[in-house]
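# A look at the structure
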Amino acid sequence: MFDSVEDMPVASGAAPNAAVGGLMLSRVVRAVVLVGMFGYVRVVNYPSSLVVLCALAIAAALLAAIQRPWAGSRRISPACYVRVGAHGAVYALEVLMFVAALKYLGPIRAILLSDFSSLSMTSLAALCFAPNRRSLSSQRKLGAGLLLAGYLLLVLFDLPYITSGPRILNRYLGPISPSMFGLACLILSNLAGVARVQMSRKLTTEVGGAKRLHALSVAASFVVLTPVALIHYAWVVNEVMAGFGMLHFWEVMAACGVLAFACDFYAVTMARARAGAGAVAAGGVLASTAGCVLAAAFASTPVPAAPSALSVLSALLIASGTRSLSHLLSSRSSPQKILSHHFGSILLLDSLSLSL
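Overview of the structure. (Residues numbered from 1 in each chain as written. Predicted model: local features only at pLDDT ≥ 70, side-chain atom pairs only at ≥ 80, totals over all residues. Heavy atoms only, no water.)

## Comments concerning the pattern of salt bridges
- The final tally for this structure, using the stated rule, is seven salt bridges.
- We note a salt bridge from Asp 264 to Arg 27, for which the minimum N-O separation is 2.8 Å. Separated by 237 residues along the polypeptide, Asp 264 in helix 10 (residues 247-274) and Arg 27 in helix 1 (residues 16-43) bring together distant segments of the chain. Residues Asp 264 and Arg 27 agree in their burial class; the two are buried.
- Note that Glu 206 and Arg 83 form a salt bridge whose closest N and O atoms lie 3.0 Å from each other. (Salt bridge = Lys/Arg side-chain N within 4 Å of Asp/Glu carboxyl O. Helix = DSSP H or I, 4+ residues; strand = E, 2+ residues; numbered from the N terminus. Buried < 20%, exposed > 50% of the residue type's maximum accessible area, 1.4 Å probe, protein only.)

Quick look at the structure:
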């Protein structure tokens with residue numbers, strides 16, 4: 001999630017290290033904020049749709065004030081607004097499924113299996129479809145091995161032990177383990193991200209830039225998610241909803257909207273324009289991991305599904321593998337991107353079925 005600028009062409013910037021450093025700082029803060037959101041959807045058991053709606057409302061207001069998308073020089077046609085609405089609906093689905101996965105998998109695992117996963121899987125796909133695979137360098141083979149080892153270690157050995165309590169009952173599928181349900185939500189989120197990235201290619205030009213599109217898309221996602229959240233509200237008991245008036249809750253939601261949905265987008269955009277995709281992805285993974293570890297270490301109460309040694313080791317392997325394969329990334333590999341996401345989803349599902 002939140003890596004929609006992965007398809008932007010990389011420019012030679014004056015200070016790539018400073019841009020990556022700013023990205024890493026943003027990702028550390030964002031991870032801490034997501035741990036706070038995780039506390040409300042998992043510990044306090046607030047409805048995910050209402051939590052996401054509150055964060056999107058604050059983010060939409062901030063982005064509208066900064067970008068002023070209605071005052072741009074490029075005039076947007078009604079048909080383009082319809083496509084922007086569809087883009088926002090896909091974005092709302094992506095964020096909602098990510099928060100649902102956040103609830104059952106924990107922050108670090110949801111982040112590792114979602115953020116910049118398309119870059120990692122695209123690297124593997126490019127390696128698999130290389131014309132001369134037998135003549136690949138040892139660096140590429142090592143990078144692919146590290147990347148696969150990181151994901152398999154996380155799914156096979158870390159996910160089955162992070163959840164406790166009864167299984168989730170489903171009318172059609174029967175009892176489902178929390179880790180399986182969370183991973184299914186995460187796969188849906190990643191697939192929605194594939195669709196959103198493909199939709200962004202043409203819309204970015206039509207609306208006049210990626211930043212303007214992001215502001216319009218967040219506002220559209222808020223509009224689309226509002227009826228869903230209201231229906232969910234009707235099913236929630238009043239005792240639980242009483243907590244939505246607490247000052248601390250709105251402080252966390254304001255931090256989520258400002259830092260996770262707005263500031264982090266600008267940080268990724270700046271880093272992606274000044275540094276390579278591999279450096280951005282590797283730095284983002286390491287910084288997010290550090291943020292989750294710091295948030296769990298300094299929390300006043302124990303954090304459920306806190307980072308483990310296995311998840312930290314998986315993050316190191318994923319970051320190293322992505323950095324090694326960064327030269328295989330291409331800004332014009334959309335068929336490989338789609339196929340790589342399907343490949344990644346099948347890989348995760350098969351690994352999970354083996355672990356269960």
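What follows continues from the structure just given.
## Some thoughts on helix 11 (residues 277-297)
- Over its 21 residues, helix 11 extends 30 Å from the first C-alpha to the last, a length consistent with the 30 Å expected when each residue adds 1.5 Å.
- With 15 of 21 residues buried, helix 11 is to be regarded as a mostly interior element. (Expected span 1.5 Å × (residues − 1).)

## Brief notes about the packing of helix 7 (residues 178-207) against helix 8 (residues 210-234)
- Interaxial distance between helix 7 and helix 8 falls to 8 Å at its minimum, and their mutual angle equals 100°. With respect to helix 8, the axis of helix 7 lies roughly perpendicular. On helix 8, the residues touching Ser 200, Leu 203, Thr 204 and Val 207 of helix 7 are Ala 210, Arg 212, Leu 213 and Leu 216.
- Among the residues forming the contact of helix 7 with helix 8, the class breakdown is five nonpolar, two polar and one charged. (Axes fitted to C-alpha atoms, helices over the stretch in contact; angles between N-to-C directions. Parallel < 35°, antiparallel > 145°, perpendicular 65-115°, else oblique. Contact = heavy atoms within 4.5 Å. Nonpolar A, V, L, I, M, F, W, Y, C, P; charged D, E, K, R; others polar.)

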